[in-house]
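This is what each chain is made of:
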Amino acid sequence: MNILALVHGRVVTALQALARDGAVPELDAAGIEVAPARDPAHGDLVCNAALVLAREAAMPPRTLAALLAGQLRSTGDTLSVEVAGAGFLNLQFAPSFWHGVVAVILKAGRDYGRSDAGRGQRIDLACIRGGTLADLDLGRGRAALVTDARARLLAFTGYDVRRVAGPRGGSTGIRADAVSQQVRLLRAGVPARLSAGVAAPLPVTLREVAGEVGADAVRFAMLCQQPSQPIDLDLARLVEPCSDNPVFHVQYAHARAKSLLRNAVGIFPELREGKAAVTGSELALLSDPGEITLIKQLAAFPPLIAAAARVREPHRVALYLHDLASCFHSQVRRGNDLPHLRFIQAGDGTLTAARLALAQANAHVLAAGLKLLGVLAPTEMQ
């Protein structure tokens, strides 16, 4: 369920209805864009349809926008549609719209966000030759990691990806002496950071750095950065089990969601993960603003994946996962301060089931995103 595509379709349907009624001529909707609102005060999504089509419709943009708004307001899960500025449409959706997102995620599982956008188009990706991935120096290793993530992302969005042999390596994006020194510092227990420069292949390999901080930490940290930028790895941070460690932050969110699902069973045996009592729960009970905010983050995953695949930028996925994890952790912390917001409500199995559905949806999206990056999604962490 790509909410941008869904709302785009609703706008097209509204234009067709206006054309049938004779209010506007038949219009070419190719240039219409739907995007998230930059300011939540302006609603959830913004559409430029009236601005794009005003000349073809032979009417002022705000007049066309008002006609479209009237059509779109008739949709049951739409809270409001307002005309703003020169003719933008600001759309805000009712909680039932967001509850539907959770239901879609629970049904799709880790396939949520998968699409056939590529329509089987063949894409050849050049992979670095020579030795195993772990034996590559950091520069060539990052190139290989990025290529692997691109391949996973493109395959997930419907492309026929072929990995073909490419060059043995190129620039590394970091000075060899700097890396060697930082690894030595880390081994000696001193805070270490790898950064700066572009130079020749490094004597330090992915295997050596992963041996100090872990393979998932190296992969995730490298994929958080644009490949055109110099490598910047804070090794001291990557060994710490804390929120400042980006991979721990995301993996712990997945493990935390799984822990909630396990712990609830001790009180409500019928609420086992994946059972109908959870997947078919009363999602309308998810009414807290923090819960709706978390669902909106989950809803952003499919359009984010589509955009990342289109421009072949897997770092967008890593950054999204970090934001999603932050949102989930924030809602859990709110429950620590306000008991009525806790995911597990010992005296209310129905509300607990709905909140566990949200936790399970969160786990599905985190696991799907981590898999696209080649990073594990642990179910337990110390």
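Thresholds applied
- Residues numbered from 1 in each chain as written.
- Predicted model: local features only at pLDDT ≥ 70, side-chain atom pairs only at ≥ 80, totals over all residues.
- Heavy atoms only, no water.
- Buried < 20%, exposed > 50% of the residue type's maximum accessible area, 1.4 Å probe, protein only.
- Helix = DSSP H or I, 4+ residues; strand = E, 2+ residues; numbered from the N terminus.
- Contact = heavy atoms within 4.5 Å.
- Pairing = 2+ DSSP bridges.
- Axes fitted to C-alpha atoms, helices over the stretch in contact; angles between N-to-C directions.
- Phe/Tyr/Trp six-rings, centres within 6.5 Å; stacked < 30°, edge-to-face > 60°.
- Salt bridge = Lys/Arg side-chain N within 4 Å of Asp/Glu carboxyl O.
- Expected span 1.5 Å × (residues − 1).
- Parallel < 35°, antiparallel > 145°, perpendicular 65-115°, else oblique.
- Left-handed = near helix turned anticlockwise from the far one by under 90°.

1. What to know about helix H8 (residues 215-223)
The buried count for H8 comes to eight of nine residues, which makes it a mostly enclosed element. Buried within H8 are the following residues: Asp-216, Ala-217, Val-218, Arg-219, Phe-220, Ala-221, Met-222 and Leu-223. Among the structural elements, helix H5 (138-156), helix H7 (206-213), helix H9 (235-238), helix H10 (246-265), helix H14 (315-337) and helix H15 (349-373) are those in contact with the buried residues of H8.

2. As for the sheet that holds strand E3 (residues 78-84)
Overall, antiparallel pairing links the four strands, which are arranged E1-E2-E4-E3 in an open sheet. Two strands lie at the open edges of the sheet, namely strand E1 (34-36) and E3, each paired on one side alone. Here the average twist between neighbouring strands, direction ignored, is 25 degrees. Direction of pairing for E1 relative to strand E2 (residues 45-47): antiparallel, over a ladder of three bridges. The partner of Val-34 across the bridge, within E2, is Cys-47.

3. Description of the environment of Ala-255
Of note, Ala-255 is situated in helix H10. Take Ala-255: its relative accessible area is 4%, and that puts it in the buried class. Here Ala-255 is in contact with Pro-378, Thr-379, Glu-380 and Met-381, once residues within four sequence places are set aside.

4. Re the packing of aromatic side chains
Under the criterion given, the structure shown has seven aromatic pairs. Ring centres of Phe-248 and Tyr-252 lie 5.5 Å apart, and the angle between their planes is 15 degrees; on these two criteria the pair is classed as stacked. Note that Phe-248 and Tyr-252 are positioned in helix H10 at a spacing of four residues, about one turn of the helix. The class for Tyr-252 is partly exposed, based on a relative accessible area of 30%. Between Phe-301 and Tyr-320 the ring centres are 5.5 Å apart and the planes differ by 35 degrees, which places this aromatic pair in the tilted class.

5. Considerations on the pattern of salt bridges
Here the structure, examined in full by the defined rule, presents twelve salt bridges. When the shortest N-O distance is used, the salt bridge between Glu-313 and Arg-316 registers 2.9 Å. For Glu-313, a relative accessible area of 24% puts it in the partly exposed group. It is possible to trace a salt-bridge network through shared partners that takes in Asp-148, Arg-152, Arg-163 and Arg-219.

6. Examining H5
Taking 1.5 Å as the rise per residue, H5 with 19 residues should run 27 Å; its terminal C-alpha atoms sit 27 Å apart, in good agreement. Counting buried residues in H5 gives 14 out of 19 residues, a clear majority hidden from the surface. Just downstream of H5, Gly-158 is the residue with a positive phi angle, here 90 degrees.

7. A few points about the pairing of strand E4 (residues 88-93)
Taken together, the three bridges between E2 and E4 define a ladder with antiparallel strand orientation. Note on E4: the bridge partner recorded for Val-46 is Asn-90. Note that E3 and E4 share six bridges and pair antiparallel. Within the sheet, the bridge partner assigned to Ala-84 lies in E4 and is Phe-88.

8. Quick look at the environment of Glu-380
With respect to the helices, strands and loops of the structure, Glu-380 is situated in the segment after H15. You can call Glu-380 exposed: its relative accessible area is 60%. On a C-alpha basis, the gap between Glu-380 and His-254 in space is 8.5 Å, while along the polypeptide they are 126 residues apart. In this structure Glu-380 touches Ala-255 and Arg-262, once residues within four positions along its chain are discounted.

9. Section: the packing of helix H1 (residues 3-20) against helix H4 (residues 95-108)
How two helices sit against one another is set out by the angle between their axes and by the gap between those axes. Between H1 and H4, the least distance of the axes is 13 Å, while the angle of their chain directions is 130 degrees. Considering the angle they form, H1 stands oblique to H4. Between H1 and H4 lies a crossing of right-handed hand. Contact residues: Ile-3, Leu-6 and Arg-10 in H1; Phe-97, Trp-98 and Val-101 in H4.

10. Notes on the environment of Val-7
Counting through the fold element by element, Val-7 comes out in helix H1. Remark: the alpha-carbon pair of Val-7 and Glu-33, spanning 26 residues in sequence, is separated by 9.7 Å. In this structure Val-7 touches Val-34, Leu-45, Leu-91 and Phe-93, once residues within four positions along its chain are discounted.

11. Topic: unusual backbone geometry
One non-glycine residue, Ala-58, lies in positive phi territory at about 60 degrees. Among the structural elements, Ala-58 can be located in the loop between helix H2 (49-57) and helix H3 (61-72). Among the residues examined, Ala-58 registers a relative accessible area of 69% and is labelled exposed. Even without being glycine, Arg-312 reaches a positive phi, approximately 55 degrees. Relative to the assigned elements, Arg-312 resides in the loop between helix H13 (301-311) and H14. The partly exposed category is assigned to Arg-312, whose relative accessible area is 33%.

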